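Analysis of the macromolecular model
Take a look at the letters that make up each chain.
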Amino acid sequence: MSYTATNDESYASLGDAAHYATLASAFLFAFSVVHFAGNGSMGDDGDDKNTIGDPLFDTQWKADGFCVTNGNKPYWSSHDVCFYVDTIATVALGILHYL
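Summary of the structure given here. (Residues numbered from 1 in each chain as written. Predicted model: local features only at pLDDT ≥ 70, side-chain atom pairs only at ≥ 80, totals over all residues. Heavy atoms only, no water.)

So, on to the overall build of the protein. The secondary structure content of the protein amounts to three helices and zero strands. For the protein, the N- to C-terminal ordering of α and β elements is α-α-α. Taken across its 99 residues, the protein has 11% of its residues classed as buried. Long-range contacts, defined here as pairs at least 24 residues apart, represent 21% of the contacts in the protein between residues at least 6 apart. (Helix = DSSP H or I, 4+ residues; strand = E, 2+ residues; numbered from the N terminus. Buried < 20%, exposed > 50% of the residue type's maximum accessible area, 1.4 Å probe, protein only. Contact = heavy atoms within 4.5 Å.)

So, in structure tokens, the structure goes:
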């Protein structure tokens, strides 16, 4: 099996379109978060002050975002677990580097 490089413009155009769609999606999501979930739309008591003009995000998402939390166990949210796993993997890769 041999590899041959292709300089086909259609591949480049398709890749560019995918990148632009990804960028547009990221910017649209960031705008939605800032516009709808930001700007003080959560009250200090956790109640949703703006339910009519806020069609995208519910109260639970505004409080925690994508973080999956368990209120009964501190230091055990999805962000914490990701940090623990990243730390363990970093230490393991550091050890492998010096072996």
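Time to look at the packing of aromatic side chains. For the structure on display, the rule yields two aromatic pairs. Members of the aromatic cluster, joined through ring pairs, are Trp76, Phe83 and Tyr84. (Phe/Tyr/Trp six-rings, centres within 6.5 Å; stacked < 30°, edge-to-face > 60°.)

What follows concerns the side chain of Ser77. Structurally, the position occupied by Ser77 is in the loop between helix H2 (59-64) and helix H3 (78-98). Setting aside residues up to four positions removed in sequence, Ser77 forms contacts with Cys67, Val68 and Thr69.

Tracing the backbone shows Trp76 in the loop between H2 and H3. Look past the residues within four positions of Trp76 in its chain and what remains in contact with it is Val81 and Tyr84.

Moving on, we come to a nonpolar patch on the surface. Residues Val91, Leu93, Ile95, Leu96 and Leu99 make up a contiguous nonpolar surface patch of roughly 560 Å² in combined accessible area. With respect to the helices and strands, Leu96 occurs in helix H3. Overall, Leu96 belongs to the exposed group, its relative accessible area being 56%. (Patch = residues over 30% accessible without salt bridge, like charges linked within 9 Å, V, L, I, M, F, W, Y side chains within 5 Å. Areas by Shrake-Rupley, 256 points an atom, 1.4 Å probe, with all protein chains shown as cover. Salt bridge = Lys/Arg side-chain N within 4 Å of Asp/Glu carboxyl O.)

In this section: the environment of Leu56. Within the element layout of this structure, Leu56 appears in the loop between helix H1 (9-37) and H2. Spatially, the C-alpha atoms of Leu56 and Phe36 are 7.2 Å apart, while their sequence positions differ by 20 residues. Contacts of Leu56, omitting those with residues within four sequence positions, involve Ser32 and Phe36.

These values are about where atoms sit, not about what they do.
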